Structure formats: C-alpha cells, structure tokens
Protein chains: 2
Amino acid sequence: MTSSVHTSTTTPVTPVVPSTGALRPLGLDEVVLTGGFWADRQRVNGAATIPHCDHWETRVGWIDNFDRALDGTLAEHRTGREFSDSDVYKMIEAMAWEVGRTGDHVLEARIAELTAQIGAVQEPDGYLNTRFGRPGQPPRWSDLAWGHELYCVGHLVQAAVARLRTGHDDELVAIARRAADQVCAEFGPDGRDAVCGHPEIEVALVELARATGERRYLDQAALFVERRGRGTLPDIELGREYYQDDVPVRDAEVLRGHAVRALYLTAAAVDVAVETGDAGLLAAARAQYERTLARRTYLTGGMGAHHQDEAYGDDFELPPDRAYCETCAGVGSVMVAWRLLLATGEAAWGDVVERSLYNVVATSPAQDGRAFFYTNPLHKRVPGETAADDEVSKRALSRLRAPWFEVSCCPTNVARTLAALGGYVAAVSDDALHVQQYAPARIRTRLGDGRSVGIDVETGYPVDGDVRVRVVDAPAGEWTLALRVPAWAADGATVDGEPAVVDAGEVRVRRAFAAGDEVRLVLPVAPRVTAADARIDAVRGSVAVERGPVVLCAESVDLPGGADVAGLRVDADVAVRADGDGARLTGRLVPAADADWPYGVPGPDGEPVPVDLRLVPYHSWANRGPSTMRVWLPTT
Amino acid sequence: MTSSVHTSTTTPVTPVVPSTGALRPLGLDEVVLTGGFWADRQRVNGAATIPHCDHWETRVGWIDNFDRALDGTLAEHRTGREFSDSDVYKMIEAMAWEVGRTGDHVLEARIAELTAQIGAVQEPDGYLNTRFGRPGQPPRWSDLAWGHELYCVGHLVQAAVARLRTGHDDELVAIARRAADQVCAEFGPDGRDAVCGHPEIEVALVELARATGERRYLDQAALFVERRGRGTLPDIELGREYYQDDVPVRDAEVLRGHAVRALYLTAAAVDVAVETGDAGLLAAARAQYERTLARRTYLTGGMGAHHQDEAYGDDFELPPDRAYCETCAGVGSVMVAWRLLLATGEAAWGDVVERSLYNVVATSPAQDGRAFFYTNPLHKRVPGETAADDEVSKRALSRLRAPWFEVSCCPTNVARTLAALGGYVAAVSDDALHVQQYAPARIRTRLGDGRSVGIDVETGYPVDGDVRVRVVDAPAGEWTLALRVPAWAADGATVDGEPAVVDAGEVRVRRAFAAGDEVRLVLPVAPRVTAADARIDAVRGSVAVERGPVVLCAESVDLPGGADVAGLRVDADVAVRADGDGARLTGRLVPAADADWPYGVPGPDGEPVPVDLRLVPYHSWANRGPSTMRVWLPTT
C-alpha cells in the first residue's frame with residue numbers, strides 16, 4: 001500500500017486530476033500507447049468512432065439545434081431528447097482528448113466551429129440549453145427531475161476541462177465557465193435548494209475547480225452532493241432511489257437505482273471528499289461501491305440488472321440474460337474505481353478498472369467503431385438482428401450493436417474514454433512509478449519527488465502474460481517500479497523468473513535502476529474456470545471461463561451447424577486450453593425437446609454429443625453476424 | 001376426448017357461453033360451491049373484497065368522475081389513470097355475479113345507483129368515457145394506443161353481460177348496448193381502420209353477441225381481431241409487439257409483448273373462431289398458447305417475465321426473482337384455457353385453469369380480502385414492506401400486498417373472477433357431466449341430451465385427494481360421469497379403489513346410475529419434487545415442491561431465527577411429507593460470507609446446518625409479515 005501523499009505541481013493531461021491523494025495520475029503526454037489491444041482501439045476511435053458521432057449528431061439534428069436557437073426556430077423544430085446537447089459536448093470532449101493525443105488539425109478546427117455554434121446561443125447570464133427557456137419552451141429549471149439541464153452543463157464543463165488540460169484556454173472554456181457561474185448563482189447556498197435528476201454536474205464542477213483553481217466550483221459541487229438524498233426531487237413510480245434522492249449520500253449503504261446516475265454521483269462524492277479532506281464521505285462512497293462490487297456486479301464488471309429503470313437490482317439479483325449492464329455504467333464504474341485508486345493508492349482498484357475496460361467498454365463498439373452496444377447482457381437466447389447502417393435504434397430493443405440510438409449516450413461516452421485511455425495506465429507516488437494497465441507503452445514522467453523517469457513497456461497482454469518493462473530514463477538513486485498484479489494472478493505471477501511477492505495487489509521492484517535495465521513480469525493468463533457466489537441464483541450450476549482480465553463466451557456461430565448455445569454443457573472441472581485470443585475445451589451438446597409443460601419429475605438430460613468448443617472474448621461477440629451467446633456454461 | 005357438439009338451449013349464468021363447442025358450461029345457478037378452499041374465498045370476496053373495491057373507487061374519485069362529467073368540471077378535476085372507468089365497470093361485473101350468486105339486495109341497489117351515475121354522462125350517440133371528448137379533454141379516439149377507450153367499453157359490456165345472464169335486462173345493459181353500437185358505427189368495415197392499444201373490446205363484443213343474439217357485435221369483434229397485427233398502432237420504443245400489433249393473429253407463433261393484452265386477445269381469437277367456425281384461427285390461437293405454456297410460463301401458471309413492459313420474455317427466460325406474473329395475466333390465462341376447454345372438450349385445459357387459479361389468482365388477495373399482489377414473483381430476496389391501510393401503491397414498487405394501486409386492475413379482476421367461480425367447476429356434453437375442479441359443490445343441471453342430472457361433491461381437496469361424488473338426481477339410462485385427472489395424478493389416481501383408467505385427462509364412469517350411488521376418486525396429492533426443463537436457466541440446480549395443484553414455497557418466517565431463504569439447500573431426492581396444507585422436509589442452511597468479489601475458483605459451500613423445513617402454499621405467503629421467500633430450492 002502506498003501511503004505517501006502527492007502534491008500536484010504540473011497538471012497532467014487527463015480527465016481527473018485530484019489536488020491530493022496517494023497517487024498522481026499521468027497525462028496523455030506522459031503515457032503513449034504504442035501498440036496492442038488498446039492502441040488499436042484508440043486508433044479506430046479516432047479514425048472511425050469520433051467522425052461517426054459527428055456524422056450522426058449532424059444527421060439527427062442535435063448540432064443543428066444550436067443554429068436553430070440562433071435563428072429563433074428552435075422551439076418549433078428542436079430535435080432529439082432533452083439531453084441531446086450533452087452528446088454534442090461529450091463528442092467535443094472526445095475530440096479534445098484526441099487533439100491532445102494526436103494534434104489533429106482537422107479536429108481542432110471542428111472544435112472551433114462547434115464552439116462558435118454553441119457560444120452563439122448562450123444567454124447573457126451564462127445559461128445555455130437548447131431545450132428550455134425560450135418562448136414556446138418550458139421555463140429554465142422547470143423540470144429538474146427529467147430535464148437534464150444541469151447534466152448538460154456538466155458535460156459542457158468536462159469538455160472545457162479537456163480543452164484546458166490539453167493547453168487550450170479557449171472560447172469553449174469561457175462558455176463553460178459562464179455556464180458554471182450561472183449554475184453557482186442559481187443553485188448556490190442562497191439559491192434554489194435543488195439537484196439535477198441525473199448527477200454529472202458534480203464531477204464536472206470539481207474538475208473545473210481543479211483545472212481553474214476556483215474554489216467556488218468545488219463548493220457548489222459539495223453542496224449538490226450534500227443536498228442529494230433529501231427528497232427535493234419528486235417521488236416517482238420508480239421511487240426516489242431511481243435518482244439517489246432517497247437517502248443522503250453519506251448515509252447510503254449500497255449503490256441503487258439508475259446505475260449511471262449512481263456511479264456518476266459516487267465518483268463526485270469521492271472527488272468532493274478528496275478535495276475537502278472529508279474522510280467520512282470518502283469512507284461512505286467507498287463502502288457503498290465495495291458492497292456493490294461484492295453483491296451487485298456482473299462477472300464482466302457490468303452493473304445494472306434491470307431494464308425497467310436501467311437500475312441495480314437487489315443484492316445477488318444478477319440475471320445474465322436480462323442483464324442491462326449499460327455501456328455508460330461501465331464507464332461510470334471506471335470513473336469511480338480510478339478515483340479510489342488515486343485517492344488510496346490501492347492497486348486492487350486497478351483490477352476493477354481493467355475488468356470494466358476489457359469487458360464492458362471494449363465490448364460496446366463494433367470492430368469497425370461504427371456501431372455500439374447500449375446494453376451488455378451475458379446471455380443472448382435469440383439471435384439478434386443487425387441494425388441497418390442508417391437506422392436509429394431504440395435502446396431497449398437493441399439486440400445487436402447499432403450505429404445510433406434515440407438515447408445515444410453510450411457512443412460518445414466510449415469515444416471520450418478511449419481517447420483519454422492513456423491516462424489510466426500508470427500513476428506516480430513520491431518515489432514510485434505504478435504501472436496499472438499493461439499495454440505496449442512509452443511512459444515519461446516525474447516521480448512525486450521530482451526525479452524524471454522513463455520506461456518502455458512491451459507485451460502481448462492480455463493474450464499473453466509476458467510484460468517487459470525497460471528503464472530508459474533512470475534517475476539517480478533508488479526508486480520503486482510497482483507493477484499491479486491482478487487478484488486472479490496472485491498465485492502464479494513471476495518477476496524475472498521468481499515468484500512474485502505481491503503486497504496489496506502490487507509487486508514492487510526497488511533499486512537504483514540503470515538505463516537499459518529490464519524487469520519482466522509474467523502473469524498467468526491461461527484460461528481458468530470461474531464459479532459464482534452461491535447467492536447469485538441465476539447462474540447456479542454453471543461456470544464461466546476467463547483468460548487473464550478477459551471474460552470469454554460461447555457463440556453459436558462456433559458450434560456445429562450453428563447449434564443454439566442453450567444445449568451446451570461442460571464438466572465443472574473441464575480442462576481449458578488457450579486458443580488464439582480465446583480458449584478451447586471439450587463440451588457437450590444436449591438435445592432438447594419441448595414437453596407440453598416444462599416442469600415435472602426430475603430426469604436426466606438427453607443423450608449428450610461431445611463438441612469441441614471454442615470460446616471467444618466476450619468483448620468480441622456479435623462481430624460475426626447474429627448468434628446466440630452465453631458467458632455462463634451449465635455444468636453436467 | 002369428447003367429440004360431441006352441444007347446442008345451447010338455455011343460457012347458463014356464467015361469463016362465457018359459446019353457441020357451440022364440445023362442452024356447455026354450467027352457470028352459477030347450476031353449480032353452488034358449498035364449502036372448502038374456493039367457497040371460503042368466494043365468501044371473503046363478497047364480504048370484504050367487493051366492498052373494499054367500492055370504498056377505494058369512491059375514495060380515489062374514480063366513481064366521482066362520472067358525477068363531475070355531469071356537472072361540467074371533469075376536464076379540470078378528473079382523477080385516476082386513463083382506464084379508471086374500466087375498474088368501476090369490473091367492480092360492477094363482480095357485483096352482478098355476486099348478486100346472481102347470492103341475491104344480495106344491498107349490492108343490487110348499489111348497481112342501480114352506479115348505473116344511474118354512468119348513464120347520466122353517456123353522450124347521445126352512445127359514446128361513454130370520462131377521459132375524452134369534452135372541452136379541455138383530448139378528442140375521442142385521439143389516442144388509441146394508450147387511451148383505453150375501447151378497453152373501457154369492453155369492460156362496460158362485460159358488466160352488462162353479467163347483468164343479462166343473471167336475469168337483469170336493465171339500464172346498464174341499455175347503456176352498454178348503446179356504447180357498443182357506437183363502437184360498431186365508428187370502427188365498422190367502413191369506419192376507422194383501427195384497434196385499441198389494449199385488447200378487451202373483442203372478448204366483450206363476442207359475449208354481447210352471444211347474450212343478445214346480435215350478430216353485428218360478433219362481426220365487429222372478428223374485424224378487430226383481423227385488424228390487429230397490421231401496424232395500425234404507432235411503433236413505440238417497446239415495439240408493436242407490446243400490443244400485439246406486430247404480426248396478424250393468425251400468423252403469430254407464440255404469445256408476446258404485454259401479457260394481459262396478449263391473453264385477452266387470444267381469448268377473443270378463440271371466441272371468434274368458435275362462433276364463426278374458423279378452424280384456422282382456432283388452431284393458431286391454440287398453438288400460440290401451447291407454445292407459451294411450454295416455454296414462457298412459470299411453475300405457478302403465472303405469465304410475464306418482464307417488469308419493464310409487463311411482458312413475456314424470450315422462450316425459457318423465466319427468472320423467479322424478477323417474475324412479473326401479473327395477477328391479471330393469471331385471470332387472462334384462465335380465460336384462454338377455459339375457452340379452449342369448452343371448444344375442444346380436452347380435460348387437460350382444466351389443469352391449466354386449476355394451476356392458475358390456485359397459484360396466481362388465489363395468491364393475489366390477502367387472507368382478509370383487503371390487500372392484493374399486483375405482481376407474483378416466485379422468489380423474494382428482501383423482506384417487503386407492508387403497505388399502510390390507507391396507502392395507494394405504485395404497482396412497480398409493490399413489494400407486498402397493498403390495499404389499492406394507482407393502476408388497480410388486479411383487485412377488481414380477482415373480484416369478478418371469484419364471484420363467478422362456480423362457472424369453472426363443471427361442464428356438460430351430450431350425455432356426460434364433466435367435473436373439472438374439485439370442491440365441495442352441489443351441481444344440478446341438464447346433460448346436452450336434455451336429461452336432468454344432479455350430483456353432490458364432498459372433498460377436502462386440495463389438502464387431501466379424496467373426492468366423493470354422490471349422484472342425487474339420476475336420469476334414466478346410461479350417462480357418463482367424467483372426472484378430470486390432472487397430469488400430475490395420472491399415475492396414482494384411483495376410482496372406487498381401482499387404478500383409474502385415464503383417457504385424455506379424464507376418467508369416465510359410465511353406467512345407469514341410481515340416486516345415492518357414489519363414485520370415489522382419489523388423487524395422489526402427496527407432496528412431490530418437481531424439476532424444470534434444463535433450458536430454464538434461472539432455476540438450474542433447484543427443485544420445487546408441489547402438493548396436488550398447489551405450488552409450495554419456503555418463507556423465512558418458518559426458518560430458525562428468521563434466517564434468509566438464500567442459504568437453503570435440499571437434496572435433489574429429498575423425502576417430503578405432507579404437513580397441514582403444506583409439507584415438511586429436512587434441508588440445510590449454508591452460511592454465506594461476502595468476498596470482495598463474488599466470482600472465483602469453484603469451491604464448496606460453507607458448512608451446512610440441518611434444518612427442519614416447513615413449506616407453505618405459495619398462495620398463502622406474506623400473510624405473516626415481511627419475509628424472504630422462494631419456490632425453487634437449490635439442491636446440494
């Protein structure tokens with residue numbers, strides 16, 4: 001465990017930069033992904049996904065709304081849901097990180113263009129929303145429960161923070177500050193005693209305070225966090241727990257209600273706690289998230305068991321077929337875990353980040369980056385239909401990845417996360433460099449004590465577990481290279497051929513390194529069989545197969561004749577061997593025949609047929625056409 | 001199998017009276033429940049539930065809406081959801097059957113009073129709805145998808161049919177006929193090419209045709225059935241399958257979408273098919289319902305796996321904890337199965353009626369008849385909260401029985417079903433009396449060939465399986481006493497001490513009976529262990545216990561120290577013995593402890609503690625305070 005506390009001197013180019021905490025994050029300028037799984041996805045994100053989002057936001061009119069505000073026809077012609085402004089802002093945030101990463105001039109120009117459109121419709125007092133406040137529209141702040149006005153400002157602010165951190169104190173920043181100032185004036189201690197139905201403004205205002213040094217934004221965020229849970233939002237059919245307005249944040253015991261809302265709020269609670277030194281609030285947020293991980297999280301790291309309200313279910317209510325696991329909740333979980341990692345220095349939070357990145361965030365986009373899963377169930381009973389390239393999907397019915405949604409929060413959330421991904425790879429403490437995620441990378445930074453350090457990472461992870469870290473810039477004296485060892489690897493990891501000594505989720509190599517020194521960490525990524533807590537009734541009598549951080553699944557396209565995965569059986573102690581990026585095992589297919597009534601005297605299964613079964617990474621499923629799929633394999 | 005076809009001469013006092021079919025139903029005047037399980041519930045229904053509904057419909061203003069229509073303040077002051085008129089009509093239907101059953105003068109006067117209120121607001125052309133058509137209200141028929149206008153007329157008509165069949169050709173009948181005539185004029189072959197978002201008008205119009213002899217009502221019902229599935233309703237986020245407007249009725253393969261809508265529509269399809277001699281439509285409706293029973297039905301007979309849309313899930317997607325199993329869907333399933341029984345004479349449909357009556361319909365009302373389950377899940381993970389006596393519950397959050405709901409379709413649906421329950425007990429064919437449900441009863445009727453017949457039934461069923469049928473009115477010559485033998489009893493049933501010869505779900509005793517003759521059927525109601533089709537993943541590795549037609553469950557109030565049912569385990573071949581109206585077995589309780597992460601290497605359960613476990617009828621659960629509960633018991 002790292003107990004030192006860093007004090008930030010320069011500001012890293014990354015979304016989350018606490019002013020204090022056990023670890024200092026590194027920026028996109030300090031960590032460059034040079035190849036492999038995540039670099040590939042970053043490349044597709046920049047080349048395909050971000051332009052795809054721009055294409056669609058133009059096509060469906062969400063960008064055009066800003067021009068219509070200007071020409072006075074907005075009340076009549078506005079398109080999109082009440083939160084559509086936010087998707088424009090999230091796209092700009094993605095563009096901003098991408099510009100920061102690559103220096104892309106075309107994107108830079110596009111940001112300027114969008115900024116001009118947005119700025120032109122900002123009211124003199126700073127208020128900015130295309131949906132409220134004009135003649136023919138509902139008045140400002142007239143629907144805090146569902147209107148998403150503060151949520152939209154939050155995403156505007158996060159885009160502005162991305163601009164600031166990437167070195168552009170530009171008009172977008174000015175716009176966002178005016179909007180944030182208006183929020184502070186309207187909702188301050190003497191203002192409206194109210195919160196937004198969808199948390200988001202809170203994380204944004206903390207980050208704006210961090211980026212600008214303006215304390216009032218932090219105070220406003222803290223006020224919003226404290227106000228929540230006190231019933232200022234209306235009681236609704238789903239209950240106030242839907243938007244976490246049922247119990248004050250520091251009194252709650254577990255995440256509940258709408259998963260994305262709950263996770264954004266928890267991220268904000270951690271941020272506020274860190275900035276204000278509020279140990280009680282930090283402990284409360286942490287305990288809630290820990291219980292959520294222990295009882296309300298899918299094997300993939302996905303969260304949200306209910307379709308009805310995109311919400312957490314009861315403890316251990318985790319149906320794989322009806323899993324909602326919204327992509328944005330995967331992003332939200334990364335946000336919380338990363339903040340806890342920075343605050344505490346506990347490497348195990350990196351396990352959570354990794355699981356959610358590989359199995360939720362990476363699952364959403366199609367290989368070509370132009371279609372997305374909104375929900376990420378772990379079992380698909382009926383082959384889905386491929387959405388047409390020009391079709392706007394309804395989220396609840398999206399059975400396969402779709403190019404765009406009426407509620408299209410997920411594509412831009414994936415885009416902004418992937419563009420800034422380098423920021424989640426490593427962090428530093430006083431005299432240690434902590435590598436959190438393993439990918440080919442070039443890392444050049446300074447330790448907390450000011451010494452410059454540089455390493456290059458080479459690895460085929462997660463397909464193989466061999467991670468070679470070469471020191472290229474070695475400061476004088478001893479320092480620690482700390483390498484995260486995931487919980488699943490604790491028993492088999494080696495460092496330079498010796499069993500790794502794992503302490504609190506890290507192996508630490510401390511010495512006076514010389515340039516050219518290499519440390520070799522080998523993680524046991526061979527496929528392994530995983531069972532679930534017996535209280536997760538929905539997967540009783542089943543096992544899953546994981547390979548390193550990657551959850552695998554069976555897809556019917558890999559079965560003889562495209563047989564339904566419903567008939568698959570495996571032995572509980574089945575031998576599994578690696579195969580490509582997946583695994584292979586001998587399973588069985590049992591035939592099924594309908595009875596008039598599917599309940600009766602217990603009897604044996606039908607006569608099983610052995611089958612050579614290939615398992616593929618869950619994140620890759622449904623890239624080969626419609627298929628039935630399952631992560632959990634029933635045992636014989 | 002009974003192949004004869006009856007032709008109705010007199011009209012039985014019962015909700016469904018086909019003009020043709022294998023069996024003729026008997027009326028409330030022909031079948032009197034004299035004691036036991038169902039007579040008790042009928043008594044509570046009349047004494048408590050019907051007055052309770054009247055109290056609440058008055059209190060929440062749904063009855064008052066009719067007076068406000070009259071005084072012109074309705075547009076301003078209307079209360080209740082868009083379908084609240086229908087709950088007034090369903091209550092009147094319940095009152096009408098209750099008057100028919102008991103001759104209750106107070107209820108009769110109340111019906112007259114309500115009729116006057118309703119009639120006073122009927123428009124001159126027959127249109128009748130408190131929600132549409134007045135200044136300040138949406139225009140008539142302006143929201144067919146969600147407005148429920150035709151649905152409301154349907155329930156008005158069914159109340160009127162109940163009045164007609166119980167001998168009252170009164171003002172309510174005249175009102176309903178005017179409303180039905182207006183519907184025929186508006187939606188006839190040359191009228192609006194449209195259907196209602198919620199099927200119901202169809203079954204109602206067929207029954208009105210049957211009750212009045214007016215063919216045009218049948219034709220209109222047939223037209224509505226044919227029109228559905230052709231996309232006249234708007235495409236919505238849930239898809240047109242939500243209201244079965246996705247595929248024409250005769251082309252569909254399974255029930256899908258909103259369960260109550262699907263079941264009401266299927267009942268209507270059977271009705272139309274029977275009245276028009278449309279064998280293709282009958283076969284289609286039957287095949288869809290059969291596949292639904294084989295793949296989309298809970299052990300309780302409950303239907304609807306999704307909360308989001310109160311809808312069927314995919315085949316074999318039947319999570320017990322998240323089961324919706326709306327009470328009204330249980331009523332709807334009884335409606336379909338009973339119609340198929342009358343049409344085909346196949347006794348097995350009586351099994352479906354029985355299962356749904358005991359395990360869904362009987363589960364909804366509390367012992368005192370003053371609180372109701374809206375949803376009927378088979379697993380409760382968290383002890384629910386008891387609703388306050390004066391609290392209107394939100395259906396989606398109702399965790400235990402509640403006195404009333406914002407959407408309060410279920411209480412009145414239970415009330416009308418229980419009041420008319422005698423009508424589901426027996427039926428006749430040409431020369432046979434078919435006893436379908438076993439309860440102490442006095443049955444006096446005529447066979448299809450005109451001979452009068454009378455029997456008395458004495459039994460402690462379903463707690464014991466001994467059914468004694470005494471012939472009290474024996475016609476001259478041979479006739480058949482046909483006794484349904486449920487599928488679960490096929491192997492152990494005896495008749496007069498000899499193994500029963502079961503043919504197509506019935507044992508048939510044919511002879512020239514003399515008055516005083518007794519036939520004794522013994523059904524093996526000892527508790528039995530039941531397993532599920534392996535494709536129902538959510539209950540893999542678990543068994544249930546049934547006792548006769550009754551599904552049993554474990555409730556935490558019966559466990560030592562109120563231990564959570566989550567830790568229960570039983571051997572797959574556990575010995576179960578009868579105990580009171582439930583069962584008793586030796587199970588185990590395994591302790592559970594949270595891990596940080598609930599997935600990992602397969603390991604053994606904790607050290608189990610033997611426990612003497614009492615199982616109670618599922619229909620009785622939650623009558624002893626908050627409890628966790630489960631029907632499916634994990635095996636060791």
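Structure's up top.
In this text, all values refer to a predicted model and were calculated from it rather than measured experimentally.

### Comments concerning the sheet that holds strand S6 (residues 426-429) of chain B
Residue and element names in this part refer to chain B.
At step 1: Ordered by their spatial adjacency, five strands build an open sheet running S1-S6-S7-S11-S14, and the pairing between neighbours is mixed. In the strand order of this sheet, the two ends are held by strand S1 (24-25) and strand S14 (506-511), each with one partner.
At step 2: As defined by bridge partners, strand S7 (residues 432-435) adjoins strand S11 (residues 479-484) across four bridges and the pair is classed as parallel. Bridging from a neighbouring strand, histidine 434 pairs with alanine 482 of S11.

### Section: the sheet that holds strand S7 (residues 432-435) of chain A
At step 1: A sheet is described by the order of its strands in space; here five strands give the open sequence S1-S6-S7-S11-S14 (chain A), paired in mixed fashion. Bordering the open sheet on either side are strand S1 (24-25) and strand S14 (506-511) of chain A, each of which pairs with just one other strand.

### Considerations on unusual backbone geometry
At step 1: Along the chain, tyrosine 461 of chain A connects to proline 462 of chain A via a cis peptide bond; the corresponding omega equals 10°.
At step 2: In this fold, proline 462 of chain A is placed in the loop between strand S9 (452-459) and strand S10 (466-473).
At step 3: Positioned with a positive phi, glutamate 310 of chain B is a non-glycine residue whose angle comes to about 50°.
At step 4: With respect to the secondary-structure elements, glutamate 310 of chain B resides in the loop between helix H11 (279-295) and helix H12 (327-344).

### Topic: the pattern of salt bridges
At step 1: Taken as a whole and assessed by the stated rule, the structure comprises 126 salt bridges over all chains.
At step 2: One salt bridge in this structure joins arginine 101 of chain A and glutamate 98 of chain A, with 2.9 Å as the shortest N-O distance. Placement of both arginine 101 of chain A and glutamate 98 of chain A in helix H4 (residues 84-102) is noted, with a separation of three residues, approximately one turn of the helix.
At step 3: The salt bridge involving aspartate 271 of chain B is made with arginine 339 of chain B; its shortest N-O contact spans 2.9 Å.

### So, the interface of chain B and chain A
At step 1: The partner chain A presents 61 residues to the 61 residues of chain B that form the contact.
At step 2: Counting the surface lost from both chain B and chain A, the interface buries some 5100 Å², and carbon and sulfur atoms represent 49% of this.
At step 3: At the boundary of chain B with chain A, the tally comes to eight salt bridges.
At step 4: Residue aspartate 594 of chain A is joined to arginine 295 of chain B by a salt bridge in which the shortest nitrogen-to-oxygen separation is 2.7 Å.
At step 5: Counting across the interface, chain B meets chain A through 26 residue pairs in polar contact (both at pLDDT 80 or more).
At step 6: Sorting the residues of the side of chain B that touches chain A by element identifies H11, strand S16 (527-532) and strand S22 (599-600) of chain B as the ones contributing at least two each.
At step 7: Top element by residues in the side of chain B that touches chain A is S16 of chain B. It accounts for four residues.
At step 8: Its residues assigned to classes, the side of chain B that touches chain A comprises 28 nonpolar, eleven polar and 22 charged.
At step 9: Examined bridge by bridge, strand S16 (residues 527-532) of chain A and S22 of chain B share two bridges and lie antiparallel to one another.

### Thoughts on the environment of glycine 465 of chain A
Residue and element names in this part refer to chain A.
At step 1: When you line up the elements, glycine 465 lands in the loop between S9 and S10.
At step 2: For glycine 465, a relative accessible area of 7% gives the class buried.
At step 3: C-alpha of glycine 465 to C-alpha of valine 522: the two residues are 57 residues apart in sequence and 5.2 Å apart in space.

### Here's the deal with the relation of the copies chain B and chain A
At step 1: Once chain B is rotated about the relating axis by 180° and shifted along it by 0.0 Å, it coincides with chain A to within an RMSD of 0.0 Å. Here the two chains are linked by the operation of a two-fold rotation axis.
At step 2: A share of 100% of the interface residues of chain B reappears at the interface of chain A, consistent with the copies meeting face to face through the same patch.

### Points about the pairing of strand S23 (residues 609-617) of chain A
All names here are of chain A.
At step 1: With two bridges connecting them, strand S18 (residues 550-555) and S23 associate as antiparallel partners. From the neighbouring strand, cysteine 553 faces S23, where its bridge partner is valine 616.
At step 2: Bridge analysis of strand S21 (residues 582-589) against S23 gives seven bridges, and the strand direction is antiparallel. From the neighbouring strand, threonine 586 faces S23, where its bridge partner is aspartate 612.

Criteria and thresholds
All residue numbers refer to position in the chain's written sequence, counted from 1. Going through the entries in the order they are written, you letter the chains from A and number the ligands from 1. In keeping with the predicted nature of the model, local features appear solely for residues at pLDDT of at least 70, side-chain atom pairs appear and are counted solely at 80 or more, and the whole-chain, interface and lining totals rest on all residues. As a rule here, side-chain values cover all heavy atoms of the structure and leave hydrogens and water aside. When DSSP locates at least two bridges between a pair of strands, those strands are taken to pair. A run of H or I in DSSP counts as a helix once it spans at least four residues, and a run of E counts as a strand once it spans at least two, with each numbered from the N terminus. A pairing counts as a salt bridge when a side-chain nitrogen of Lys or Arg comes within 4 Å of a carboxyl oxygen of Asp or Glu. The contact definition used throughout considers only heavy atoms, calling two residues in contact when any of these lie within 4.5 Å. What gets called buried area is simply the loss in accessible area from a 1.4 Å probe that two parts show on being joined, summed for both. Within 3.5 Å is the distance limit for a polar contact, defined as a pair of N or O atoms, with the added protein rule that one can donate a hydrogen and the other accept it, and that residues adjacent in sequence qualify only through two side-chain atoms. Asp, Glu, Lys and Arg are counted as charged, while Ala, Val, Leu, Ile, Met, Phe, Trp, Tyr, Cys and Pro are counted as nonpolar; the rest, among them Gly, fall into the polar class. Relative accessibility under 20% of the residue-type maximum defines a buried residue, over 50% an exposed one, and the middle range a partly exposed one, all with a 1.4 Å probe and only protein chains included. Alignment of copies: least-squares fit on C-alpha atoms of residues with pLDDT of at least 70 in both copies.

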